[in-house]
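Fold and contact review
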Amino acid sequence: TTSPYTNTNTPVRRVIPRMTSMRGTMKPFIGTLSTLFISCLLKASVVSAFSGTFSSRRSFLPLSVSSTDTTAHVAASEEATRSNDGGWATHALLFSSLSDGVIPNTAARSFLRYSLANSLLSEHITQKEDTLKSSAEFSPCNGPNVDVLDNLEAIDRLYERGQKYSSDDFGTNEQVDFWATEALKYLCSDTNNELNVRVLYIPTASYALNPQSSNTAGKQRQRARADGKKRRTQLLNLLGELLSSNISDDPNNSDGQQFKLLSTTLDLDDGSLKQPVGSDDSSLFPENDKAALSTWNPHLIYVEGGNTFWLQHCIDKGDYSTLIKDACVGPLGAVYCGKSAGAIVGGSNVATATWKGWDDPSVVPGKESYDDWLDCQGFEFVGNQSLFPHMSDDWKDMVTEKVEAQNLGKSVYCLREEDVCCVVGDKKLSFVASGPSPQ
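Residues numbered from 1 in each chain as written. Predicted model: local features only at pLDDT ≥ 70, side-chain atom pairs only at ≥ 80, totals over all residues. Heavy atoms only, no water.

In this section: the packing of aromatic side chains. One pass over the full model with this rule turns up 15 aromatic pairs. Seen in terms of ring centroids, F111 and Y114 are 6.5 Å apart; in terms of plane orientation they differ by 35°. Their pairing is tilted. On the criterion of helical spacing, the pair formed by F111 and Y114 is a turn pair, its members being three residues apart in helix α4 (residues 106–138). By relative accessible area, F111 is classed as buried at 0%. The interplanar angle of 20° and the centroid separation of 5.7 Å between the aromatic rings of Y201 and Y302 together place this pair among those described as stacked. One end of the pair, Y201, is in strand β2 (residues 195–202); the other, Y302, is in strand β5 (residues 300–303), and 101 residues separate them in sequence. An identical accessibility class is assigned to Y201 and Y302; each is buried. In textbook terms, an aromatic cluster arises when at least three aromatic residues are bridged by ring pairs, as seen for F111, Y114, F170, W179 and F431. The cationic tip of R225 hangs over the ring face of Y207; the distance from NZ or CZ to the ring centre is 5.7 Å. The ring of W358 carries K356 above its face, with NZ or CZ at 4.7 Å from the centroid. (Phe/Tyr/Trp six-rings, centres within 6.5 Å; stacked < 30°, edge-to-face > 60°. Helix = DSSP H or I, 4+ residues; strand = E, 2+ residues; numbered from the N terminus. Buried < 20%, exposed > 50% of the residue type's maximum accessible area, 1.4 Å probe, protein only. Lys NZ or Arg CZ within 6 Å of the ring centre and 35° of its normal.)

What follows is the structure, given as structure tokens:
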């Protein structure tokens, strides 16, 4: 079984339940033995956390260049999606449109809720492990806190049950949503309904200036920021709905508020953080751009659509690539949501942004032509697969030509407006969740 954890310093929480299950017979010895063993247990490499594998719902080579299929996705084998051992995103959703691809898409909504529940639960487990370690170090005679051990065992079982679902289950198996509800309810109760959900919104691509516009640069920026604020509100409304679904009637919570959505907007152009919402307490928000992507530990990073070349330029200019990758990869990785340009930079190669001619590369000094972007690497959150959003039948011949000319083989995922590429990084698997076609 493949472990979702790659950091060898990650505490071993899978060993702890085995110790607690023997507590009845070992209780007289816990105080003595735990002091000897707890530091070793908590520093060992994590053992396998998942059983089974995600099967492919529409494990996508969405466009086969030799196929007459025009639906933007055809079946592919699991082996095809296991082709890269690089830094796959822990969980990711890559799409053309939030309003057409995610909001009306039952399977995509289910996967997003599931991914957030996993992110929050993983962080909570790590915090519990730190508490356990501290209790053992603080009181070496008594050993680790037995109540915390019991609690970790219960969380362990809950976490493991959440890993058994396959990609076929999202949007079709109510047990997935039942598990997410159970996980979210547990988190609420164990944090006394004071759980903060941190969302980092990156609208940089939509802030690119349009050289052809009759508006001044100042007016364009003002309009872009206003539009970005509206789009972020739409995202937060969706997240609030997903997080509170089926748990707002919890009798342990009289005011109906289980989660506090904390969000701030990061512009990668100048590194500025603006428009914090969710609390008046400034200590709950990052101090600067680097902290926003590291020590703030966002649970979700949303990269807005717009000019892909401007977005990639700002990522490179500010040295953000490694920070974003580190934030979205590994056991505590944030859920990465990439819309349009955000989806393209989340793939292997940014060259797909040159195909339609929609984005103007002249906004980037020194890289004003499409040829300058043909070998530009993305985050590789889906292995060696690249993304081509806003697919339609009109683009099929052009995509076939570009794929052949650039020798990309079957490594381009073409996403229609209603499609969402869902990524499960520990299994190096991805699948397309398709919603209703937009009217």
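Right, let's talk about the pattern of salt bridges for a bit. On inspection of all chains with the given rule, the structure shows nine salt bridges. Here D190 ties to K128 by a salt bridge, and the two come within 3.0 Å at their closest N and O atoms. You can see D190 sitting in helix α6 (residues 174–190) and its partner K128 sitting in helix α4, a full 62 residues away along the chain. For R161, the salt bridge is made with E182, and the minimal N-O distance between the two is 2.6 Å. Taken together, the residues span a long stretch of sequence, with R161 in helix α5 (residues 146–161) and E182 in helix α6 at a distance of 21 residues. Of the residues examined, R161 reaches a relative accessible area of 35% and is grouped as partly exposed. (Salt bridge = Lys/Arg side-chain N within 4 Å of Asp/Glu carboxyl O.)

A few words now on the packing of α5 against α6. Taken N-terminus to C-terminus, the directions of α5 and α6 make an angle of 155°; their axes are 10 Å apart at the nearest point. The angle between the axes of α5 and α6 places the two elements in the roughly antiparallel class. Regarding α5 and α6, the two cross each other, and that crossing is left-handed. Judged by residue contacts, N151, I155, L158, Y159 and R161 of α5 engage W179, E182, A183, Y186 and D190 from α6. (Axes fitted to C-alpha atoms, helices over the stretch in contact; angles between N-to-C directions. Parallel < 35°, antiparallel > 145°, perpendicular 65-115°, else oblique. Left-handed = near helix turned anticlockwise from the far one by under 90°. Contact = heavy atoms within 4.5 Å.)

The terminal C-alpha atoms of α6 lie 24 Å apart, and with 17 residues this matches the ideal 24 Å at 1.5 Å per residue to within 8%. Looking at the buried residues of α6, the elements they touch are α4, α5, β2, α7 (217–244) and β3 (259–267). A positive phi of about 55° marks N192, the residue just after α6. (Expected span 1.5 Å × (residues − 1).)

Time to look at the side chain of H124. Tracing the backbone through its elements, the reader meets H124 in helix α4. Relative accessible area serves as the criterion here: at 6%, H124 is assigned to the buried category. If near-sequence neighbours (up to four positions away) are discounted, H124 is found in contact with I155, Y186, L187, D190 and T191.

With that settled, the discussion passes to the pairing of strand β6 (residues 335–339). Burial analysis of β6 places five of its five residues in the buried class, the great majority of the element. Burial of β6 is two-sided: the residues V335, C337 and K339 facing one way and the residues Y336 and G338 facing the other way are all buried. Pairing of β5 with β6, which is carried by four bridges, proceeds in the parallel orientation. Paired with Y302 across the two strands is C337, which belongs to β6. (Pairing = 2+ DSSP bridges.)

What follows covers the side chain of N105. Residue placement: N105 occurs in the loop between α3 (98–102) and α4. By relative accessible area, N105 is classed as buried at 1%. Setting aside anything within four residues of it in sequence, one finds N105 in contact with E418, V420, A433, S434 and G435.

This part is about the nonpolar core. Among the nonpolar cores identified, the biggest contains 52 residues, and L112, L121, W179, L239 and L300 are the most heavily contacted of them. Looking at this core, the element that brings in the most residues is α4, giving eleven residues. Those residues in contact with L121, other than ones at most four positions away along the chain, are I155, L158, Y159, W179, A183, Y186 and L187. (Core = buried A, V, L, I, M, F, W, Y, C linked by side-chain atoms within 4.5 Å.)

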